[in-house]
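Coordinates in review
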Amino acid sequence: MSICFLSPLKPITPTTSLTPNLNPKKANILRCNFSLPLITTTEPEPVFTSVRSFAPATVANLGPGFDFLGCAVDGLGDFVSLRVDPSVHPGELSISDISGTKNLSKNPLKNCAGIAAIATMKMLSIRSVGLSLSLEKGLPLGSGLGSSAASAAAAAVAVNELFGRKLEVKDLVLAGLESEAKVSGYHADNIAPAIMGGFVLIRSYDPLELMSLQFPVEKDLIFVLVSPDFEAPTKKMRAALPAEIGMSHHVWNCSQAGALVASVLQGDLVGLGKALSSDKIVEPKRAPLIPGMEAVKKAALEAGAFGCTISGAGPTAVAVVDSEDRGVEVGERMVEAFWKEGNLKAVAMVRRLDRVGARLVGSVPR
């Protein structure tokens, strides 16, 4: 499955056939350019009085795939509860509660969940009812696990479900990207897998083209996520990146990103891990900013991980293994390395690939 859409600066100009690719081993691609769409001209009625949604954590970059590769991780994420609220002005959204953190604004125009929810409401032409949103943060801020994207994805899905699921996946990614652009930058390597699940390749940003990469269902893929007690602000981590790169590093990273995509489609964990660990552009600049990271990566590989790198902008380290038992052992070694070499306490989590993405988990009918 693949979808491509949205360039907020360009008019609609479809450029290819919409005929689906029937080969499950290959990724479909659909190209188009258009501004934020008005999906429904007739305002839909809410089919529920309230809904509850969930969106998973994500691992962006995956080593050599800076800003164009990401995947979703099962068992971690954010919840959004949304209800029709007569006390809220028609057509508007209120954030009534935020749990799990004290550092987020309840102003819907300054909150990633609020921005995505409002964008989704605009697509649906919601004018007659007001909505109240409650956000439950399961992901820590600035962890490198797609915290803002999880909130945005859960909010977009909640609004869509409340009004009868009128929007397609591509519209929800657009709404989520509206939030990401205002909160953390114009990049889809978190929001796309948070909504779509699995692995996603961002082929282009202008126009945005998304390709879903199918990891074989019969094979296990286990992530070891080790989060140290350390703050790595995205702004600071981006500022560390080189303004220019040499041709040899460009060629190397392109080859590793290609190998990573091929390994995902083939279910080759050895190849996936090798490519994951092989970034020569971004990781070498960011790792020294996270105390102990280089030792953590070494410890993971020595303990049997197929590969290890920084998740997103960090500070979470992510390793790839083929079993939960091996994942526990690798996680213990990584935690030890963070403490011994970085003087940082850390927590290890062993999780599988989330193949579903953001979804409805509860509802109350009208």
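Please refer to the structure placed before this passage.
Residues numbered from 1 in each chain as written. Predicted model: local features only at pLDDT ≥ 70, side-chain atom pairs only at ≥ 80, totals over all residues. Heavy atoms only, no water.

**Overview of the sheet that holds strand β9 (residues 307–310)**
Read from one edge of the open sheet, 4 strands run β9-β10-β8-β11, paired in antiparallel fashion. The sheet terminates laterally at β9 and β11 (346–352), the two strands that pair on one side only. Averaged over neighbouring strand pairs, the angle between their axes works out to 20° when direction is ignored. As defined by bridge partners, strand β8 (residues 222–228) adjoins strand β10 (residues 317–321) across 5 bridges and the pair is classed as antiparallel. Bridge assignment links Val224 to a residue of β10, and that residue is Ala319. Across the face of the sheet, helix α7 (residues 269–276) comes into contact with β9 and β10 while running at roughly 160° to β10. Taken strand by strand, helix α10 (residues 324–342) contacts β8, β9, β10 and β11, and its axis lies near 20° from that of β8. (Pairing = 2+ DSSP bridges. Helix = DSSP H or I, 4+ residues; strand = E, 2+ residues; numbered from the N terminus. Axes fitted to C-alpha atoms, helices over the stretch in contact; angles between N-to-C directions. Contact = heavy atoms within 4.5 Å.)

**With respect to the nonpolar core**
The biggest cluster of nonpolar side chains holds 79 residues, and the ones touching the most others in it are Leu82, Leu133, Phe199, Leu210, Phe223 and Leu225. By residue number, the principal contributor to this core is helix α2 (residues 147–162), which donates 11 residues. Both domain 1 (48–213 + 355–365) and domain 2 (222–352) contribute no fewer than three residues apiece to this core. Ignoring sequence-local partners within four residues, the contact set of Phe199 consists of Leu62, Gly70, Cys71, Met211, Ser212, Leu213, Phe215, Leu221, Phe223, Val264, Leu272 and Leu353. Listed in part, the 25 residues of the second largest apolar core include Ile222, Val296, Ile310 and Ala319. (Core = buried A, V, L, I, M, F, W, Y, C linked by side-chain atoms within 4.5 Å. Buried < 20%, exposed > 50% of the residue type's maximum accessible area, 1.4 Å probe, protein only. Domains from an automatic or database assignment.)

**So, the packing of aromatic side chains**
Aromatic ring pairs are described here by two measures, namely the spacing of the ring centres and the angle between the planes. Inspection of every chain in the model, using the stated rule, returns 3 aromatic pairs. Geometrically, the ring pair formed by Phe199 and Phe215 is tilted, given 6.3 Å between the ring centres and 35° between the ring planes. One end of the pair, Phe199, is in strand β6 (residues 199–205); the other, Phe215, is in the loop between β7 (208–213) and β8, with 16 residues separating them in the sequence. The two residues Phe199 and Phe215 agree in class, both being buried. Across the ring face of Trp252, the terminal group of Lys280 is positioned such that the distance to the ring centre comes to 4.2 Å. (Phe/Tyr/Trp six-rings, centres within 6.5 Å; stacked < 30°, edge-to-face > 60°. Lys NZ or Arg CZ within 6 Å of the ring centre and 35° of its normal.)

**Focus: helix α1 (residues 112–124)**
The end-to-end C-alpha separation of α1 is 19 Å, in line with the 18 Å expected for 13 residues at 1.5 Å each. Buried residues of α1: Cys112, Ala113, Gly114, Ile115, Ala116, Ala117, Ile118, Ala119, Thr120, Met121, Met123 and Leu124, and no others. One or two positions beyond α1, positive phi appears at Ser125, with a value near 60°. (Expected span 1.5 Å × (residues − 1).)

**Some details on the pattern of salt bridges**
Inspection of the entire model under this criterion finds 16 salt bridges. Across the pair Arg359 and Asp74 runs a salt bridge, and its minimum N-O distance is 3.9 Å. Of this pair, Arg359 sits in strand β12 (residues 359–365) while Asp74 sits in strand β3 (residues 69–84); the two residues are 285 residues apart in sequence, bridging distant segments of the chain. One salt bridge in this structure joins Arg165 and Glu161, with 3.1 Å as the shortest N-O distance. (Salt bridge = Lys/Arg side-chain N within 4 Å of Asp/Glu carboxyl O.)

**Overview of the packing of helix α6 (residues 247–266) against α7**
As a packed pair, α6 and α7 sit with axes 8 Å apart at the nearest point and diverge in direction by 155°. In terms of orientation, α6 and α7 fall into the roughly antiparallel class. When the axes of α6 and α7 are compared, the crossing they make is left-handed. Two secondary-structure elements touch here, α6 through Gln256, Ala259, Leu260, Ser263 and Val264 and α7 through Gly271, Leu272, Lys274, Ala275 and Leu276. (Parallel < 35°, antiparallel > 145°, perpendicular 65-115°, else oblique. Left-handed = near helix turned anticlockwise from the far one by under 90°.)

**Notes on unusual backbone geometry**
The linkage connecting Asp206 with the following residue, Pro207, adopts the cis geometry, with an omega of 0°. Within the element layout of this structure, Pro207 appears in the loop between β6 and β7. Put simply, Gly314 and Pro315 share a cis peptide bond, and its omega is 10°. Note on placement: Pro315 falls in the loop between β9 and β10. Not every positive phi belongs to a glycine, and Ser125 is a case in point at roughly 60°. Note on Ser125: relative accessible area 7%, which makes it buried. A positive phi is found at Asn343, a non-glycine position, where the angle reads about 55°. Checked against the element boundaries, Asn343 lands in the loop between α10 and β11.

The values reported here are purely geometric and, on their own, carry no functional implication.
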